[in-house]
Amino acid sequence: VQLVESGGGLVQPGGSLRLSCAASGFTFSSYYMNWVRQAPGKGLEWVSHISSGGGSTYYADSVKGRFTISRDNTKNTLNLQMNSLKPEDTALYYCARGYAEWDYWGQGTQVSVSS
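It should be emphasised that the depicted structure is a prediction, and the values quoted were computed from it without experimental measurement.

Asks: Mind laying out the nonpolar core, listing which residues take part and the relevant values?
Replies: In this structure, Trp35, Phe67, Leu78, Leu80, Met82 and Tyr93 are the most contacted members of the largest nonpolar core, which totals 26 residues. Among the elements of the structure, β3 (17–24), β4 (33–38), β5 (44–50), β7 (67–72), β8 (77–82), β9 (91–97) and β11 (109–113) are those that each provide at least two residues to this core. When residues of this core are assigned to their parent elements, the largest contribution, four residues, is made by β3.

Asks: Could you give an account of the environment of Tyr99, with specific residues and numbers?
Replies: By secondary structure assignment, the location of Tyr99 is in the loop between β9 and β10 (104–105). Placed 16 residues apart in sequence, Tyr99 and Asn83 show a C-alpha to C-alpha distance of 25 Å. The residues touching Tyr99, leaving out its near neighbours within four places in the chain, are Tyr32 and His49.

Asks: How would you explain the sheet that holds β3 if you had to name every residue and give the values?
Replies: Spatially, β1-β3-β8-β7 is the arrangement adopted by the four strands of the open sheet, whose pairing is antiparallel. The outermost strands of the open sheet, each flanked by one partner alone, are β1 (2–6) and β7. Neighbouring strand axes in the sheet, compared pairwise and without regard to direction, differ in orientation by 15 degrees on average. Both β1 and β3 contribute to a ladder of five bridges, which runs antiparallel. Its bridge partner being in β3, Ser6 is matched across the sheet by Ser20.

Asks: Quick rundown of the pairing of β5? Include the residues and the values.
Replies: In the sheet, β4 pairs with β5 via six bridges, with the strands oriented antiparallel. If you follow Gln38 over to β5, its bridge partner there is Leu44. Connecting the antiparallel pair β4 and β5 is a turn made up of five residues, with Gly41 showing a positive phi of about 75 degrees. As defined by bridge partners, β5 adjoins strand β6 (residues 57–59) across three bridges and the pair is classed as antiparallel. Within the sheet, the bridge partner assigned to Ser48 lies in β6 and is Tyr59. Between β5 and β6, which follow one another and run antiparallel, lie six residues, and Gly54 among them has a positive phi close to 90 degrees.

Asks: How would you sum up the pattern of salt bridges? Please name residues and give values.
Replies: Counted under the stated rule, the structure contains five salt bridges. Notably, a salt bridge pairs Arg37 with Glu45, separated by 2.7 Å at the nearest N-O pair. Arg37 sits in the buried class, given a relative accessible area of 5%. For the salt bridge of Arg97 with Asp103, the shortest nitrogen-to-oxygen distance reads 2.6 Å.

Asks: Tell me about the pairing of β7, residues and numbers included.
Replies: Taking every second residue as pointing to the same face, the buried face of β7 carries Phe67, Ile69 and Arg71, while none of Thr68, Ser70 and Asp72 on the other face is buried. As judged from the six bridges shared by β7 and β8, these two strands associate in the antiparallel manner. Counted as the bridge partner of Asp72 is Thr77 from β8.

What counts as what
- Note on numbering: residues in each chain are counted from 1, in written sequence order.
- At least 70 in pLDDT is required for a residue's local features to be given in this predicted model, at least 80 for side-chain atom pairs to be given and counted, and no such filter applies to totals for whole chains, interfaces and linings, which use all residues.
- To obtain the side-chain values, all non-hydrogen atoms of the structure were used and water was disregarded.
- Definition used in this section: a nonpolar core is a set of buried Ala, Val, Leu, Ile, Met, Phe, Trp, Tyr and Cys residues joined via side-chain atoms within 4.5 Å.
- Summary of the burial criterion: residues with accessible area below 20% of their type's maximum are buried, those above 50% are exposed, and those between are partly exposed, where the area comes from a 1.4 Å probe applied to protein chains only.
- For the purposes of this entry, the term helix denotes a DSSP run of H or I that reaches at least four residues, the term strand denotes a run of E that reaches at least two, and both are numbered from the N terminus.
- Residues are treated as being in contact if the distance between any of their heavy atoms lies within 4.5 Å.
- DSSP calls a pair of strands paired once it identifies at least 2 bridges connecting them.
- Lines fitted to C-alpha atoms define the axes, with helix axes restricted to the stretch in contact, and inter-axis angles between N-to-C directions lie between 0 and 180 degrees.
- Put simply, a salt bridge is a Lys or Arg side-chain nitrogen that is within 4 Å of an Asp or Glu carboxyl oxygen.

Encoded structure:
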C-alpha cells in the first residue's frame, strides 16, 4: 500500500490550493478515504472523508463550506480542493485510508497560509 500526497505550498490568506493523493497497492475503490492534518505544535485533526464510491462526503466544521473532497476511482486519486484559506489552515496534510481506523497514511504535504 502506498499513498503519496502532492499539491501543498505557500499561499496567501483567501487563496486556494488543490491537494492530491495517489494511491497504489490496494483496491482504492473499496475504501473510505480521509484527509487529516497536523498544525505545528498541535495534535492530529480530521478534516474530511469520502465514501468508497464518492457519494458521501463529510467535513470538519472548521473547513465546511471552504474545502471539497473528491475522488477518481478510475485514476486511484483522492483530492482536496481548498478555498478561502486561512492562516489556521497551515498544517501538514495527510491522506489516510479507512473508516473508523486509518491503517495507512501518506508522508504528508505541507500547506502554509501566510501573507
